[in-house]
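Working through the structure, step by step
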Amino acid sequence: MKKSKILLGTVIIAIIGLITVAADHIDAPAAQGTTADITDFYAFQGEDTNNLVFVANVQGLLSPGSTAAAQFDENVLVEFNIDTNNDNVEDLVIQAIPRDNTMYFFGPYAPGTTGLSSSINEMATKSSVPVTTYGVPAVVATENGMKMFAGPRDDPFFMDFARYGQIIGGTAPGFNNPGSDTFKGTNVLSIVVEVPKSEIGGSGTINTWVETKVKQ
Amino acid sequence: MKINFIKYTAILAITSLIMVGCSNNDNNEPTPIPVDFSGTFMQKDQMGRPAVNTVFVSASSKDEFNVTVPSEQNAKFQSMFETNLKALSPAFANPGDKNALGLDAAAFTGLLATDVLNVSLDGKTTFFDGTNVLTGRALADDVITVELLLIFGGEDFSENPTLSDDNVSANDKPFLTSFPYLASPW
């Protein structure tokens, strides 16, 4: 009786442990569970095909009950990096940082220095949008040719991550059909910015990635 | 004395006039407190393609991967990626094994180790749609099944069928056709 309870407990803890990692959700010890934990990154052509849309999601696996309390951290800079000449070094950045329930955007602009350490050039193009509160329609702003949104959204990621964990852990032979979306019914904090392609290289292929950087 | 009194009174009067002049607008438009964006920000997390750190980086190196600039990731992590890929997938167990992109283990992990998302500015943006490969990442792209197919599916996507599709092919809420594109929260 006791043994089976302990075993059950261990299994449950193991499953919870496995559920914690996905697209980039809680991917590494130092970032996981913090306000700087990136869950996902998207870049796609906008409804207006002259524009490109960047999406950065942070603070994943929010239940509906815990979403209203989740907030962007004023000490966390979210930086979209854009490499226009295929050397995997950023030529342009778009920086997003919240202040007093407003999300400010700087750029796109060429940063003074590249790499792990950043500062904000306040001379760069500055735009902003009020952070949308949980439970109200999305607040969208258009400024300097960009569209912007910041606030809670449904987590757009989908995967049977729990089953993947069992397969990797050796306790399941393969996926179920149909599978079960581990991220069903959960929210994230999203930053969405749509920019004219002409401002980020114009044509050809860019390399892009997102970073969170914490104020020292 | 008297002259001094007049002088000081005049100076006070003028000063107060100037003060009033300056603060005249304050009642209507209070001067905004400047927002502080100063400081140095150090990297904590980064991401290009989905699930790369999760799947290919060994547990003890995940933090290091997050603070390695993309231009240095290949040199630092490609061999680890290749070792982990071969250990993970029977589709890369034999010499000469390739995936459906025609990439062997070294070439495939050479592509993935530099964790950036390649995005076309000239047309359709998709992780993979059967025709376009790595031209972006759209919300509805089933990126996990694409990655599973490229890891486990072998040369023609037919190998290891129970491992190469998680059978979750769409989001739990429909996406929007217009900005901000993501569905409203639960």
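Note that the structure is predicted; figures quoted are calculated from it, not measured.

1. Remarks on the overall build of chain B
- Each helix and strand counted, chain B has six helices and two strands in total.
- In sequence order, chain B lays out its α and β elements as α-β-α-α-α-α-β-α.
- Of all intrachain contacts in chain B linking residues separated by at least 6 positions in sequence, the fraction that spans at least 24 positions is 46%.

2. Some details on the sheet that holds strand E10 (residues 187-196) of chain A
All names here are of chain A.
- Taken in spatial order, the five strands make up an open sheet running E1-E2-E10-E9-E8, and their pairing is antiparallel. The sheet is open, and its two borders are formed by strand E1 (38-45) and strand E8 (141-143), each paired with just one other strand. When strand polarity is set aside, the average angle formed by the axes of neighbouring strands in this sheet is 15°.

3. Brief notes about the interface of chain A and chain B
- Taken together, the 84 residues of chain A in the interface contact 59 residues of chain B.
- For the side of chain A that touches chain B, the element with the most residues is strand E11 (residues 205-215) of chain A, which contributes 11 residues.
- By residue class, the composition of the side of chain A that touches chain B is 40 nonpolar, 23 polar and 21 charged.
- Bridging between E11 of chain A and strand E2 (residues 117-120) of chain B involves four bridges; their strand directions are antiparallel. Along E2 of chain B, the bridge assignment pairs Asn207 of chain A with Asn118 of chain B.

4. Thoughts on the pairing of strand E7 (residues 126-130) of chain A
Residues and elements named next belong to chain A.
- What you see with E7 is a clean split: Ser127 and Val129 sit on the buried side and Lys126, Ser128 and Pro130 on the side with no burial.
- Bridge analysis of strand E5 (residues 102-109) against E7 gives five bridges, and the strand direction is antiparallel. Its bridge partner lying in E7, Phe105 is registered against Ser127.

5. Here's the deal with the nonpolar core
- Among the nonpolar cores identified, the biggest contains 57 residues, and Phe41, Phe54, Ala56, Met103, Phe105 and Val193 of chain A are the most heavily contacted of them.
- Ranked by residue count, the leading element in this core is strand E2 (residues 51-62) of chain A, at seven residues.
- Ignoring sequence-local partners within four residues, the contact set of Phe41 of chain A consists of Val55, Ala56, Trp209 and Val210 of chain A together with Met47, Gly48 and Leu117 of chain B.
- Membership of the second largest hydrophobic core comes to 35 residues, among which are Phe183 of chain A together with Phe65, Phe92 and Ala113 of chain B.

6. Some words on unusual backbone geometry
- The linkage connecting Gly107 of chain A with the following residue, Pro108 of chain A, adopts the cis geometry, with an omega of 5°.
- Following the sequence through the fold, Pro108 of chain A ends up in strand E5.
- Here Gln59 of chain A, not a glycine, exhibits a phi torsion of approximately 55°, which is positive.
- Even without a glycine there, the phi angle at Ala51 of chain B is positive, about 70°.

7. Topic: the confidence of the model for chain A
- Per-residue confidence for chain A averages 91 on the pLDDT scale, and 89% of its residues sit at or above 70.
- Scored below 50 in pLDDT, residues 1-20 of chain A shows 10 contacts in the model against residues more than four places distant or in partner chains.

8. Here we look at helix H5 (residues 105-113) of chain B
Residue and element names in this part refer to chain B.
- Listed in full, the buried residues belonging to H5 are Ala105, Phe108, Thr109, Leu112 and Ala113. Taken down its axis, H5 places every buried residue within 130° of arc, on the same side.
- The inward-facing, buried residues of H5 contact helix H2 (52-56) and helix H4 (70-88).

9. Details of H4 of chain B
- At Phe77 of chain B, H4 of chain B shows its largest bend, some 55°.
- Tucked inside the fold, the buried residues of H4 of chain B contact E11 of chain A together with H2, helix H3 (62-66), H5 and helix H6 (143-152) of chain B.

10. Some thoughts on the pairing of strand E4 (residues 92-99) of chain A
All names here are of chain A.
- Most of E4 sits out of view: seven of its eight residues are buried.
- For strand E3 (residues 76-83) and E4, the ladder comprises five bridges, and the chain directions are antiparallel. If you follow Glu79 over to E4, its bridge partner there is Gln95.
- In the sheet, E4 pairs with E5 via six bridges, with the strands oriented antiparallel. For Ile97, the partnering residue across the bridge sits in E5 and is Tyr104.

Reading the values: the criteria
- Every chain's residues receive numbers from 1 upward, in the order its sequence appears when written.
- Throughout, the order in which chains and ligands are written sets their labels, letters from A for the former and numbers from 1 for the latter.
- With pLDDT at 70 or above as the cut-off, local features in this predicted model cover only qualifying residues; side-chain atom pairs require 80 or more to be listed or tallied, and sums for whole chains, interfaces and linings still use all residues.
- To qualify as a helix, a DSSP run of H or I must reach at least 4 residues; to qualify as a strand, a run of E must reach at least 2; elements of each kind are numbered from the N terminus.
- Note on contacts: residues are paired as contacts if their backbone-placed C-beta atoms lie within 7 Å.
- Any two strands are treated as partners once DSSP identifies two or more bridges connecting them.
- Inter-axis angles, ranging from 0 to 180 degrees, are taken between N-to-C directions of lines fitted to C-alpha atoms, where helices are fitted over the stretch in contact.
- Ten residues, namely Ala, Val, Leu, Ile, Met, Phe, Trp, Tyr, Cys and Pro, are considered nonpolar, four, namely Asp, Glu, Lys and Arg, are considered charged, and the remaining ones, Gly among them, are considered polar.
- A residue is called partly exposed when the number of other C-beta atoms within 10 Å of its own lies between 12 and 20, exposed at 12 or fewer, and buried at 20 or more, with C-beta atoms placed from the backbone.
- The term nonpolar core refers to a set of buried Ala, Val, Leu, Ile, Met, Phe, Trp, Tyr and Cys residues connected through C-beta atoms within 7 Å.
- The predictor reports its confidence for every residue as pLDDT, a score running from 0 up to 100.
- Taken from the helix axis, the directions to the C-beta atoms give the arc we talk about.
- Throughout, the bend at a residue refers to the angle made by two axes, fitted to the seven residues ending there and to the seven starting there.

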